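Chain by chain, the residues run as shown.
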Amino acid sequence: MTLSKDRLHVLIGAALALIIVALAVGEGIAGSVKWVLLGTGLLLLMTMVGATGNTRLELYESRQKLRKMRRERDELSHYFNALMDYVPSYIYFKDRDSKFLQVNRAMVELMGAESVKDIIGKSDVDYFDADLAKKKRQDELDVIETGEGHEKYIEERNSPGGGEQWVLSSKLPFRDADGRIIGTFGISSDVTEMIEAQHSLEMERNTLRVLLDSIPDSIYIRDPHGKYTVVNRALADLVGIKDPQEVEGKTPFDFFPKEDAEAFLAEDTKIMEAGKTVTSPARISRRANGEYRHLITTKVPVRNREGKVSGILGINRDVTEQERAREAVRRTEHRMQEIVDNSPSPMYAKSRAGQYLMVNRRYEDLFGVKAEDVVGKTDLEIIKDEEVAKGLQENDALVFEKGEPVQFDEVLNLGEGDRAYVSVKFPMRDLDGTIYAVGGISTDITERKKAEEELKNLNKELMDTYDNLTKAHEQLIQAEKMESVGRLAAGVAHEVKNPLAMIGMGLELLARRLPDDDVKGKETIERMKRGIDRAKKIVRGLVDYSSDRRLEFSRINPNVLIRESLELVEYQLKEAGIEVMFSKNAELPEVQADQTKIEQVLVNIFINAMHSMDGGGTLTVKAKLMSMSNVGHDEGSRLRERMREGDKMVKIIVTDTGKGIPEEALGKLFDPFFTTKPTGKGTGLGLTVARKIADLHGGEMTLTNRPDGKGAMATLSLRVEND
Amino acid sequence: MMTKPKILLIDDEVDFTELLAENLEESGYEVSKINDPTKALTEAKRFLPDICVIDLVMPRMDGGDVVSALRSDPQLSGMPVLMLTALVEENPNDPGELQMKGGLPFVSKTSDLEVIINGIKTQLGHR
């Protein structure tokens, strides 16, 4: 090495510096000069040393660089080797002829070689089947030719150990420092697990998708900005879009009216902030086509891996159909309720336990209660009257037991007097037919009853009026008949009375001619006179009948009336072979009667009886005391009508053993001039007059056949005067 | 001895007239009988009775007409009459009672002889 000019200068400078320092350090120079010198010398020396150092430094640095580079190369080589040895991927370098230049250890293992050295210089043909080797060769030729590699492609291949294997490969051109392609290199990694995981993930995703799309509920995930990130088919349907994917990325604003969308997102925000799942009860959401749907919405905050809320998972259950069905049921129920509430009858239903299930409005109004206060309670709790409640319970129990409607008459007093109800209680069955309740409908029949009563009274009045009218009519007819009878009688009377007068005169003469001792003769005359008297009375009665003469009442014992009447016909009866049965009733009170007229009636009865007993028989006469209480229904309504409470009557009953009254004659017996007797035996006036006389006495006369059918029975009832 | 009171009976019933006349005669009266009322006035003028007993209902001329005829005769106008007819009924409570009708006393024809005689006596008393 030769000293350069610089170095020489340095050396000279350094020597000079040393001299100066030496001078300074020497004794000859004192004071400040000494220090100046020393300083200058040292400065110069240091400068010189520095100059020398620079040159040496450069040299040193070069050496150091070289060393560093070597170290770095070694390091890189080490790294490379480490990489090559331990990277789980397969790495190779090939020359342009596809012969291996370098491979890593994994590759060695893959190819089943002993070491790297074994492989270098060989090609794929030596390790793989011909087709694969050929394909690889072709690929590499492509890369070499085009200068473009195949990067990161995944291919499936048969693993040497058998089974499928997925590899992620890159095949690239291998260039030298000048960029010339000197071969190819490749790296491939076994990604079977990853791919399989991906596949199963995909499968899962697909399954999930299918599942998601098959669910009738509309499901979505919205991010915090309101964008749909996941949407199932049902949601797409809901918003009127065919493909769910088209919905993704959009917001509710794209499908729903602005105010709805705003409400949805506001709710999203709320839920995301709260971080809690919210299920909203049925609510109405409008579809894009304006149709309303009933939805039950569940919103779940979705969290990312860090646990932060990253969106909303929404599940909408469309319950429109159910809601419509419910609505229909509600409407029907409402309709039924309206009918039930507007019924004028109180209605109710009670459970088996006796608790009210429902009551209608009328029930509320009637009892002054509210349904909500009644429902769930029992009668006892409401009425608080154990007796009444028990009665109601028994009625209910009867309905449960019988299983069919039962009708009850009930009377309720609600402060405004008794009201009459007819209650129908009926079993209420569930769909299985099991009786679960008893229902009741009570109908207020007070007015109806009142109306019925009024109608009844009115009817009775009408009947009475009719009866009176009939009676009046009958009386009118009777009066007309009687008038003609009277006129006739008056005419007849004159003609009858003349011979009677004549006989009377004759008897007077005969009586005077009889010797005083002719008792029998005198008696006969007297009897004849009585006969004339009777004939006169009858004629007079007939005339009186039409001229409405007052009766000559006197108090008289009915026994006397009967006996004297019997005496009048005694002879005739005896002649006719009729036995008379009469025993007086000592208990009979006196009656108010016109003796002559009543005797006339009785004689008429006796004569009629006699005429009916051709060839004899028995005439029975009885008399008994009647009061209202022992007038039986069979006594005839007329007697009942004539008698008032407290009234008493004597009833004279005359029965015979004759042929009875022909059925067809029964209704006409009292008609004037009606007679069943042969000509000359009756006038047809006897019963007519007899009944008139009975009527004038306020009594009654009847004539019927005996109940035993063995003859006729006549009765004459006479009023007993109250004291 | 008192002269017998004279009674003129005017009645179309022959049998009755005979019987009544006989009874009245036996009771002390002088009796004349007329069965044809149209001859009553003539007989009355001839007989000049104290009283006329006249039937009411008669053919051709009734009792009323007879009374009118008698009253229209000055000689007979004050003569008492007793009407005897089947057209009136006895009063059961007072069979002897004279019933005044149209200003005339009536007795029922069917009355007992005693009643008729009483009626005659009463009317004669009025003379």
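Residues numbered from 1 in each chain as written. Chains lettered and ligands numbered in written order. Predicted model: local features only at pLDDT ≥ 70, side-chain atom pairs only at ≥ 80, totals over all residues. Heavy atoms only, no water.

Asker: How would you explain the interface of chain A and chain B if you had to name every residue and give the values?
Answerer: Taken together, the contact pairs 18 residues of chain A with 24 residues of chain B. Of the roughly 2000 Å² buried between chain A and chain B, counting both surfaces, carbon and sulfur atoms make up 57%. Among the residues of chain A in contact with chain B, A:H494, A:K497 and A:M505 are the three that bury the most area, contributing 32% of the side total. Counting every contact that joins chain A to chain B gives seven residue pairs in polar contact (both at pLDDT 80 or more). Among the secondary structure elements, those contributing two or more residues to the side of chain A that touches chain B are α15 (446-513) and α16 (519-547) of chain A. Among the elements that make up the side of chain A that touches chain B, the one with the highest residue count is α15(A) (13 residues). Looking at side-chain class alone, the side of chain A that touches chain B contains seven nonpolar, three polar and eight charged residues. (Contact = heavy atoms within 4.5 Å. Buried area = accessible area lost by both parts, 1.4 Å probe. Polar contact = N/O pair within 3.5 Å; in protein donor to acceptor, adjacent residues only side chain to side chain. Helix = DSSP H or I, 4+ residues; strand = E, 2+ residues; numbered from the N terminus. Nonpolar A, V, L, I, M, F, W, Y, C, P; charged D, E, K, R; others polar.)

Asker: Pulling in residues and values, what's your account of the sheet that holds strand β22 (residues 712-720) of chain A?
Answerer: To summarise the sheet geometry, strands pair through backbone hydrogen bonds and adopt either a parallel or an antiparallel arrangement. Residue and element names in this part refer to chain A. Read from one edge to the other, the open sheet built from five strands follows the order β17-β19-β20-β22-β21, with strand pairing classed as mixed. Whereas interior strands pair on both sides, the edge strands pair on one side only; in this sheet they are β17 (578-582) and β21 (700-705). Strand after strand, the sheet turns through a mean of 15 degrees between neighbouring axes, direction not considered. Two elements, β17 and strand β19 (residues 617-627), share five bridges in a ladder whose sense is parallel. Across the sheet, the residue bridging to V580 is L619, located in β19. Where helix α18 (residues 595-612) meets the sheet, it contacts β17, β19, β20 (648-655), β21 and β22, and its direction lies at approximately 170 degrees from that of β22. (Pairing = 2+ DSSP bridges. Axes fitted to C-alpha atoms, helices over the stretch in contact; angles between N-to-C directions.)

Asker: Let's hear about a negative patch on the surface: which residues, and what values?
Answerer: Together, A:E156, A:E164, A:D190, A:E193 and A:E196 make up a negatively charged patch on the protein surface. Relative to the helices and strands, A:E164 resides in strand β4 (residues 164-175). (Patch = residues over 30% accessible without salt bridge, like charges linked within 9 Å, V, L, I, M, F, W, Y side chains within 5 Å. Areas by Shrake-Rupley, 256 points an atom, 1.4 Å probe, with all protein chains shown as cover. Salt bridge = Lys/Arg side-chain N within 4 Å of Asp/Glu carboxyl O. Lys, Arg positive; Asp, Glu negative; His and termini not counted. Charge placed at Lys NZ, Arg CZ, Asp CG, Glu CD.)

Asker: Tell me about the pairing of β4(A), and name the residues and values.
Answerer: All names here are of chain A. Where β4 lies against strand β5 (residues 181-190), nine bridges are found, and the strand directions are antiparallel. In the strand pairing of β5, V167 is matched with D190. Linking β4 to β5, which pair antiparallel, is a turn of five residues; within it G179 sits at a positive phi near 90 degrees.

Asker: Talk me through the packing of aromatic side chains; I want residue IDs and the actual numbers.
Answerer: All names here are of chain A. For the structure shown, the criterion picks out twelve aromatic pairs over all chains. Centroid distance Y92 to F100: 6.1 Å. Interplanar angle 90 degrees. Geometry classified as edge-to-face. Look at Y92 and you get buried, because its relative accessible area is 8%. Between Y348 and Y356, the aromatic rings sit 6.2 Å apart at their centres with planes inclined by 70 degrees, giving edge-to-face as the arrangement. Both residues of the pair, Y348 and Y356, count as buried. (Phe/Tyr/Trp six-rings, centres within 6.5 Å; stacked < 30°, edge-to-face > 60°. Buried < 20%, exposed > 50% of the residue type's maximum accessible area, 1.4 Å probe, protein only.)

Asker: Which residues make up helix α4 (residues 113-125) of chain B, and what are the values?
Answerer: Over its 13 residues, α4(B) runs 18 Å from end to end, which matches the ideal 18 Å to within 8%, given 1.5 Å per residue. Considered for burial, the residues of α4(B) that qualify are B:L113, B:V115, B:I116, B:I117, B:G119, B:I120, B:Q123 and B:L124. (Expected span 1.5 Å × (residues − 1).)

Asker: Could you give me a rundown of helix α17 (residues 558-575) of chain A, with the residues and numbers involved?
Answerer: Residue and element names in this part refer to chain A. Here α17 is 18 residues long and its end C-alpha atoms lie 26 Å apart, about the 26 Å a rise of 1.5 Å per residue gives. The sharpest bend along α17 measures roughly 55 degrees and falls at V569. Within the span of α17, buried status applies to P558, N559, L561, I562, S565, L566, V569 and L573. The N-cap of α17, judged by a side-chain oxygen 2.7 Å from the amide nitrogen of N559 a few residues on, is N557. Looking at the residues trailing α17, positive phi occurs at G577, about 75 degrees. (Bend = angle between axes of the 7 residues up to and from the residue.)

Asker: Please set out the pairing of strand β3 (residues 51-55) of chain B residue by residue, giving values where relevant.
Answerer: Residue and element names in this part refer to chain B. Counting buried residues in β3 gives five out of five residues, a clear majority hidden from the surface. By the alternation rule, side chains of β3 split into I51, V53 and D55 and C52 and I54, which are all buried. Note: strand β1 (residues 6-10) against β3, four bridges, orientation parallel. Among the inter-strand pairings, I7 is bridged to a residue of β3, identified as I51. The pairing of β3 with strand β4 (residues 81-85) spans four bridges and is classified as parallel. Among the inter-strand pairings, V53 is bridged to a residue of β4, identified as L82. Handedness of the crossover joining β3 and β4 through helix α3 (residues 63-72) is recorded here as right-handed. (Right-handed = clockwise from strand over helix to strand, strands pointing away.)

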